[in-house]
Amino acid sequence: RPIAALGLSGFRSDALGCHENQAPAQTIDHFYLSRHCAVCDAMTPSNRPLCDSCRACPQKASLALEVQAACCERSLRKVESICSHCGGCDPSGSVQCSSTDCGMYFLRRKLGQELHSAAALLLSSEKFLL
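About the cut-offs
- Residue numbers run consecutively from 1 along every chain, following the written order of its sequence.
- Given that this is a predicted model, residues contribute local features only at a pLDDT of at least 70 and side-chain atom pairs are listed and counted only at 80 or more, while totals for whole chains, interfaces and linings are drawn from all residues.
- Water and hydrogen atoms were dropped before computing side-chain values, which therefore reflect all heavy atoms in the structure.
- The secondary structure listing takes helices from DSSP runs of H or I that are at least 4 residues long and strands from runs of E that are at least 2 residues long, numbered from the N terminus.
- Here's how the labels work: a residue is buried when its accessible area is under 20% of the maximum for its type, exposed when over 50%, partly exposed in between, all with a 1.4 Å probe on protein chains only.
- Any N or O atom pair separated by 3.5 Å or less is treated as a polar contact, with the protein-specific requirement of one donor-capable and one acceptor-capable atom, and with residues adjacent in sequence counted only for side-chain atom pairs.
- Contact between two residues is taken to exist if any of their heavy atoms lie within 4.5 Å; hydrogens are not considered.
- One fewer than the residue count of a helix, multiplied by 1.5 Å, yields its expected span.

## Concerning the side chain of Thr 44
In this structure, Thr 44 sits in the loop between α2 (28-31) and α3 (52-56). Given a relative accessible area of 4%, Thr 44 falls into the buried group. There is a polar contact of 3.1 Å between the side chain of Thr 44 and the backbone oxygen of Arg 48. Here Thr 44 is in contact with Arg 35, His 36, Cys 37, Leu 50 and Cys 51, once residues within four sequence places are set aside.

Below, the structure is given as structure tokens:
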């Protein structure tokens, strides 16, 4: 198109590698999505968080997801306890530290995100375990 706009009519856009009907652009996050089962770490299709064998045993899968969420929460509480002794807490109980030099700060942030993901997976497990 840009070449045609310049008045160079001898060129075709598909000859230059430009295709009108290309697939939609994907962000880099698409390439980092996990294709592993959240319970047993087996490979799954990208649109399902659990493999077929874990989906076949919904009680076992639910228990495993609950244990994962509890472990994340326990680890986060330990790190928050360490952070609260070092940096203090506000009246609501949340840690005030925002030092990017502290390794515990990043660990606390990472564990918070893992807990959020585990809790979301656990809450939505009813949908994909049925």
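## Considering the environment of Glu 66
If you trace the backbone, Glu 66 turns up in helix α4 (residues 58-87). Accessibility expressed as a relative area gives 42% for Glu 66, which makes it partly exposed. Each C-alpha atom of the pair Glu 66 and Leu 121 lies 9.5 Å from the other, and the pair is 55 residues apart in sequence.

## Focus: α4
Helix length check: α4 (30 residues) gives 42 Å between terminal C-alpha atoms against 44 Å at 1.5 Å per residue, within 8%. When α4 is considered as a whole, its buried residues turn out to be Ala 61, Leu 65, Ala 69, Cys 72, Leu 76, Val 79 and Cys 83. Once α4 finishes, Gly 88 follows within two positions and takes phi at roughly 90 degrees, a positive value.

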